[in-house]
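If you want the building blocks of each chain, they are given just below.
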Amino acid sequence: MKYDNYVLFVSASMADQTVLSTLLARSDNAVAAVMSTASDAQHFFEAVYGEEPFNVIVIDDRQVWASWQSVAAACSKHRPNALVILLVSSEHSAAQCERLLSGDIAAVYPRNSAGLLALARLVATLSAQQRSFSLRQDAANADVDLDEVAREERERLVHAVSHDLQDPLQLARRYAAILNEDYDGVLGDSGAKVLGHLQFNLNRTQEMLDELLDYSRLQSARPEIVPVDLNELFAEVVSLYQLTLDEIGGTITQQHDLPTLLVDRRQFQRVFQNLIGNAIKFRSERPLQITVRAQKVRNEWRIGVKDNGIGIAEEDVKRIFGMFERAGSAEEHPGTGMGLAICKRIVANHGGKIWVRSSPGSGSVFIFSIPQADGAAGQLSG
Ligand code: ADP
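Each residue is numbered by its place in its chain's sequence as written, counting from 1. Note on the predicted model: pLDDT of at least 70 is required for a residue's local features to be given, and 80 or more for side-chain atom pairs to be given and counted; whole-chain, interface and lining totals, by contrast, use all residues. Water and hydrogen atoms play no part in the side-chain values, which are based on all heavy atoms of the structure.

Our focus in this paragraph is the overall build of the chain. Numbering of helices and strands runs from the N terminus, with a helix taken as a DSSP run of H or I at least four residues long and a strand as a DSSP run of E at least two residues long. Across its full length, the chain carries 12 helices and 12 strands. Within the chain, counting contacts between residues at least 6 apart in sequence, those at least 24 apart form 70% of the total. Per-residue accessibility takes into account occlusion by the displayed protein chains alone, with areas from the Shrake-Rupley method and a 1.4 Å probe. Of the roughly 21,400 Å² that the chain leaves accessible, carbon and sulfur atoms contribute 52%. The contact criterion used throughout is that any non-hydrogen atoms of two residues lie within 4.5 Å.

Shown next as structure tokens:
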């Protein structure tokens, strides 16, 4: 039999297993779901490596054989298309649940009957959406990966929005400029103030749209991979900021020799530019100190850019890599919140990851990893 939903429940609790499977199998559900359980490491890995097409994985946070975080990370790695849901003690407040959401965890529910019921309902709505996708897939008469379809549609949408809004926005900016230039005396003080706000917001929208278009281009651009000496690249970026650093009395120290890696030069110039620009922008009262480090960890290089700036609150450390996401204190500084999303996209284009370790008040270290075999850059250049 073919089901709409394949749920894997990673839990040792027989009681919860029974309740959830009963709720999922309820006859008033419009869709059919089948649930498998994994109560220990062996069953879990057999399930994630196995054939069953799980689209939902529910993790009880009380695993005895591993932390729920590593179970969630293994799910993201081996079942990237599945929706991963965490069940936590019902003592957790809504805010505590919210804080557990991450790239690995899509939803958090309390481990009580209300939570399990809400979870079963979510599974039912999920499949309704997926059915509408499959109808479209039938119409296209093609055997396409559903996630791939959704991703491509999202990318097309981002591109269409950022591209097609350029003309009307530029027209609006032009009209605002005409008002400013030719109707200066007519508007009066309050009219001029309103026009000022209008122009400010139109310019900001333009800035955001440009960054969005840029981001969307990065999604489709193939990196131009060449051997790049990161020492040279870093020095080049530092020279762009030297004047500002001299003005604010900031210093940049390179703690290790940086490697030569096979990367897209222009794209990594942007990564360094964004990270150093942010370290300058979000500096604290202390004289700014930026340090860059490099370390080889197994088959990847990790580059870290550390500052002694204002730092980032724990609840923001993941969010800030999203599009247009800024942390609380960012309002006083210029920016659109796209810089780190762009860095993330560039690093992902090279098969790597970017993350931050930070403590508010003492500074942040942004780390990105680039997988690279020993001597790969040398082989290509030589
Ligand atoms: P923007 O700089 O345009 O706001 P980014 O995507 O580059 O956008 O950064 C997102 C947010 O992350 C910033 O608004 C800021 O809140 C936070 N942030 C980034 N870098 C740092 C840093 N070095 N120190 C403190 N906060 C930072």
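For the chain, the mean per-residue pLDDT works out to 85, and 88% of the residues sit at or above 70. pLDDT measures how confident the predictor is about each residue, on a scale from 0 to 100. Mean pLDDT across the secondary structure elements of the chain bottoms out at helix 12 (residues 376-381), with 54, and peaks at helix 10 (residues 265-281), with 96. Contacts of residues 131-144 to residues separated by more than four positions or lying in other chains number 11 contacts, the stretch itself having pLDDT below 50.

This part takes up the environment of Leu230. In this structure, Leu230 sits in helix 9 (residues 230-248). Relative accessible area decides the class of each residue, using a 1.4 Å probe on protein chains only: under 20% of the type maximum gives buried, over 50% gives exposed, and in between gives partly exposed. The buried category is assigned to Leu230, whose relative accessible area is 2%. Discounting chain neighbours no more than four positions away, the residues touching Leu230 are Leu258, Pro259, Leu261, Phe272 and Ile303.

Here we take up the packing of helix 10 against helix 11 (residues 339-349). Every angle, taken between N-to-C directions, lies between 0 and 180 degrees, and every axis is a line fitted to C-alpha atoms, over only the stretch in contact when it is a helix. With their axes 9 Å apart at the nearest point, helix 10 and helix 11 run at an angle of 145° to one another. By crossing handedness, the relation of helix 10 to helix 11 is classed as left-handed. Touching Gln267, Phe268, Arg270, Val271, Asn274, Leu275 and Asn278 of helix 10 are Gly339, Leu340, Ile342, Cys343, Ile346 and Asn349, all from helix 11. Note on residue classes: Ala, Val, Leu, Ile, Met, Phe, Trp, Tyr, Cys and Pro are nonpolar, Asp, Glu, Lys and Arg are charged, and everything else, Gly too, is polar. Split into classes, the residues belonging to the contact of helix 10 with helix 11 amount to seven nonpolar, five polar and one charged. Crossing handedness is defined as follows: a turn of the near helix away from the far one that is anticlockwise and smaller than a right angle gives a left-handed crossing, while the clockwise case is right-handed.

Summarising the element assignment, Asp60 is placed in strand 3 (residues 56-60). Given the relative accessible area of 2%, Asp60 is considered buried. Between N or O atoms, a polar contact is any pair within 3.5 Å; within protein, one atom must be a potential hydrogen donor and the other a potential acceptor, and residues adjacent in sequence are included only when both atoms are from side chains. Engagement of the side chain of Asp60 in a polar contact is seen with the backbone nitrogen of Arg62, the distance being 2.8 Å. Once residues within four sequence positions are removed from consideration, Asp60 is found in contact with Val10, Ser11, Asp16, Trp68, Leu87 and Arg111.

The next point concerns the layout of surface pockets. In this structure, the second largest pocket occupies an estimated 610 Å³ of space. Put simply, the parts of the chain that give the lining of the second largest pocket at least two residues each are helix 8 (184-220), helix 10, helix 11 and strand 12 (363-371). No other element matches the seven residues that helix 10 contributes to the lining of the second largest pocket. A breakdown of the residues in the lining of the second largest pocket according to their chemical character gives 13 nonpolar, 12 polar and seven charged. We place a 1 Å grid over just the protein atoms. Points where a 1.4 Å probe fits but has no way out form a cavity, open points with protein on both sides within 12 Å along at least 5 of 7 lines form a pocket, and any residue with an atom within 4 Å of a point lines it. Grid points are joined across faces, edges and corners, and a volume is the space filled by probe spheres set on the points.

Attention now goes to the site of the ligand. Whether a residue is near a molecule or strand is decided by its heavy atoms; if any one of them lies within 4 Å of it, the residue is near. Around the ligand sit 21 residues, and of these Asn278, Lys281, Asp307, Arg326 and Leu340 come closest. The contact in question runs from an oxygen atom of the ligand to an N or O atom on the side chain of Lys281, over 2.9 Å. The side chain of Asp307 places a nitrogen or oxygen atom 2.8 Å from a nitrogen atom of the ligand. For a cavity or pocket, the test is whether more than half of a molecule's atoms lie within 2 Å of its grid points; if they do, the molecule sits there. Judged by its atoms lying within 2 Å of the grid points, the ligand is housed in the second largest pocket. Elements with a contribution of two residues or more to the shell around the ligand: helix 10, helix 11 and strand 12. Of all the elements, helix 10 adds the most residues to the shell around the ligand, at three residues. Looking at the shell around the ligand residue by residue, the classes come out as 10 nonpolar, seven polar and four charged.

Glancing now at the sheet that holds strand 11 (residues 353-359). Read from one edge of the open sheet, five strands run 7-9-10-12-11, paired in mixed fashion. Lying at the two open borders of the sheet, with one neighbouring strand each, are strand 7 (251-254) and strand 11. Shown here is a sheet whose adjacent strand axes are inclined to one another by a mean of 15°, direction ignored. When DSSP locates at least two bridges between a pair of strands, those strands are taken to pair. In this structure, strand 10 (residues 300-307) lies alongside strand 12, joined through eight bridges in antiparallel fashion. Residue pairing in the sheet places Gly304 in a bridge with Ile367 of strand 12. Each of strand 7, strand 9 (289-297), strand 10 and strand 12 touches helix 10; the most contacted strand, strand 12, lies at about 170° to it.

Right, let's get into the packing of helix 7 (residues 166-182) against helix 8. Between helix 7 and helix 8, the least distance of the axes is 9 Å, while the angle of their chain directions is 155°. Accordingly, the angle class assigned to the pair helix 7 and helix 8 is roughly antiparallel. Between helix 7 and helix 8 the crossing geometry is left-handed. Across the interface between the two elements, Gln166, Leu169, Gln170, Ala172, Arg173, Ala176, Ala177, Leu179, Asn180, Glu181 and Asp182 from helix 7 touch Asp184, Leu187, Leu195, Leu198, Gln199, Leu202, Asn203, Thr205, Gln206, Leu209, Asp210 and Leu213 from helix 8. Split into classes, the residues belonging to the contact of helix 7 with helix 8 amount to 11 nonpolar, seven polar and five charged. Oblique is the label for every angle not falling under 35 degrees (roughly parallel), over 145 degrees (roughly antiparallel), or within 65 to 115 degrees (roughly perpendicular).

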